[in-house]
Amino acid sequence: MEEGRLAYRVRTAEANDATALRDAIGTTLAHPDNQGRRESYRGAASRGDILILERFDRVSHDWQVAGFVECHLRVDDNLSIHDVGTTGDQPQTGVVRYLLDQAFNSFRPNESQVKIRRDATTWLDIFRNIPGFYLEGEEYRRPHYWTIWRWDRQRAREDEQRAQQPPQRAAPSRPRAPIPPPPRSANGPVPGPRRAPGGGGGPPRGPRPARPNNAPRRGPRPGSNPR
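Position labels on residues start from 1 in each chain and follow its written sequence. Under the rules for a predicted model, residues below a pLDDT of 70 receive no local features and side-chain atom pairs below 80 are neither given nor counted, while totals for whole chains, interfaces and linings still include all residues. In computing side-chain properties, one takes all heavy atoms of the structure into account and sets aside hydrogens as well as water.

1. A word on the environment of Arg-97
The line we're drawing: Every helix listed is a DSSP run of H or I at least four residues long, and every strand listed is a run of E at least two residues long, numbered separately from the N terminus. Relative accessibility under 20% of the residue-type maximum defines a buried residue, over 50% an exposed one, and the middle range a partly exposed one, all with a 1.4 Å probe and only protein chains included.
Position of Arg-97 relative to the elements: it lies in helix H3 (residues 93-107). By relative accessible area, which is 31% here, Arg-97 ends up partly exposed. In the structure, Arg-97 is positioned 30 residues away from Phe-127 in sequence and 8.5 Å away in space, judged by C-alpha atoms.

Structure below.
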């Protein structure tokens, strides 16, 4: 990998890389505070459990340590991540993610596990934003609490697919027809029909029509006593 005048390479560390690692690494996952430093890298390097990231300066023609990841593949294809480190006082997110990608591509595990101190907020943010990692639990090892994070290959695929999907927009609502205003006359609004007394919904009652003069009058009903 090249970037400007710098080239990078990842290789398995050897026992004689222990001194260069100790001199160059400033912060590690196992020792997130600047007061503590890892005592030795020789044992893990001798077992082949360390992948080291180096950058080559084309001007000085020298390979320099940029970071490392210590991990071990168990018989059940579970990759245990023991430590990660970068140069500087704060972990470099790009270096950490690149090293983890190289470890996953090299060992091809089905699952992975890493433990992060609960107060190491920077490291927690880095792993929280890597596809596939999720918080599984917590444990106490004197004098700190440690969070337990799991990585699953299928979950990583789903997280990556979800991140590539564009955000869904809400469907636009259909415009509603405007309500027409009430009719108006020259002197103001036209009054509506009056409602009948008692709340009935029928038309108002007017006067009864007059009876024509030549119309016969009704006689008494059968069975009634005429007056």
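Text resumes after the structure shown.
2. Thoughts on the nonpolar core
Threshold: Throughout this description, the term nonpolar core refers to a set of buried Ala, Val, Leu, Ile, Met, Phe, Trp, Tyr and Cys residues connected via side-chain atoms within 4.5 Å. The contact criterion used throughout is that any non-hydrogen atoms of two residues lie within 4.5 Å.
Core analysis: the biggest nonpolar cluster contains 28 residues, and Val-69, Ile-116, Phe-127 and Phe-133 have the highest contact counts within it. For this core, the secondary-structure elements that each account for two or more residues are strand S4 (50-57), strand S5 (62-73), strand S6 (78-86), H3, strand S7 (111-117), helix H4 (121-128) and strand S9 (144-152). Per-element accounting of this core gives the leading share, 6 residues, to H3. Those residues within four positions of Phe-127 in sequence are excluded, and the remaining contacts are Leu-29, Val-84, Leu-100, Val-114, Ile-116 and Phe-133. Membership of the second largest hydrophobic core comes to 11 residues, among which are Tyr-41, Ala-44, Ile-50 and Val-65.

3. Topic: unusual backbone geometry
The residue after Arg-142, namely Pro-143, is reached through a cis peptide bond having omega 10°. Tracing the chain through its elements places Pro-143 in the loop between strand S8 (133-141) and S9. If you check the backbone angles, His-61 has positive phi at about 55° while not being a glycine. Within the element layout of this structure, His-61 appears in the loop between S4 and S5. Unusually for a residue other than glycine, Arg-108 sits at a positive phi of about 50°.

4. Quick notes on the pairing of S9
The criterion, for reference: At least two DSSP bridges between two strands are required for those strands to pair.
Bridge analysis of S7 against S9 gives 7 bridges, and the strand direction is antiparallel. Bridge pairing in S9 links Glu-111 to Asp-152. Here S8 runs beside S9; their pairing, made up of 8 bridges, is antiparallel. Bridge pairing links Arg-141 to His-144 in S9.

5. Structural notes on helix H5 (residues 153-164)
The condition that has to hold: Multiplying 1.5 Å by the helix residue count minus one yields the expected span of that helix. Nitrogen and oxygen atoms within 3.5 Å of one another constitute a polar contact, given that in protein one can donate a hydrogen and the other can accept it, and given that sequence-neighbouring residues count only through two side-chain atoms.
In this model H5 runs 17 Å from its N-terminal to its C-terminal C-alpha over 12 residues, within 8% of the 16 Å that 1.5 Å per residue would give. N-capping of H5 is provided by Asp-152, with a side-chain oxygen placed 3.0 Å from the backbone N of Gln-154.

6. As for H4
Worth spelling out the cut-off: Starting at the helix axis, one direction is taken to each C-beta atom, and the arc is that of these directions.
Every buried residue belonging to H4 is among Trp-123, Leu-124, Ile-126 and Phe-127, and all of these are buried. Seen along its axis, H4 keeps its buried residues to an arc of 160°; they face one direction. Looking at the buried residues of H4, the elements they touch are strand S3 (27-28), S6, H3, S7, S8 and S9.

7. Details of the pattern of salt bridges
Rules: Salt bridge criterion: a side-chain nitrogen from Lys or Arg within 4 Å of a carboxyl oxygen from Asp or Glu.
Summed over all chains, the structure comprises 16 salt bridges. Arg-150 is paired through a salt bridge with Glu-111; the nearest N and O atoms lie 3.9 Å apart. Taken as a pair, Arg-150 in strand S9 and Glu-111 in strand S7 lie far apart in primary sequence, 39 residues in all. Arg-150 sits in the buried class, given a relative accessible area of 16%. In this structure Glu-111 comes out as partly exposed when scored by relative accessible area, which is 35%. Counted as one network, the salt bridges with shared partners bring together Arg-9, Arg-11, Asp-17 and Glu-54.

Don't take any of this as a statement about function, it's just geometry.
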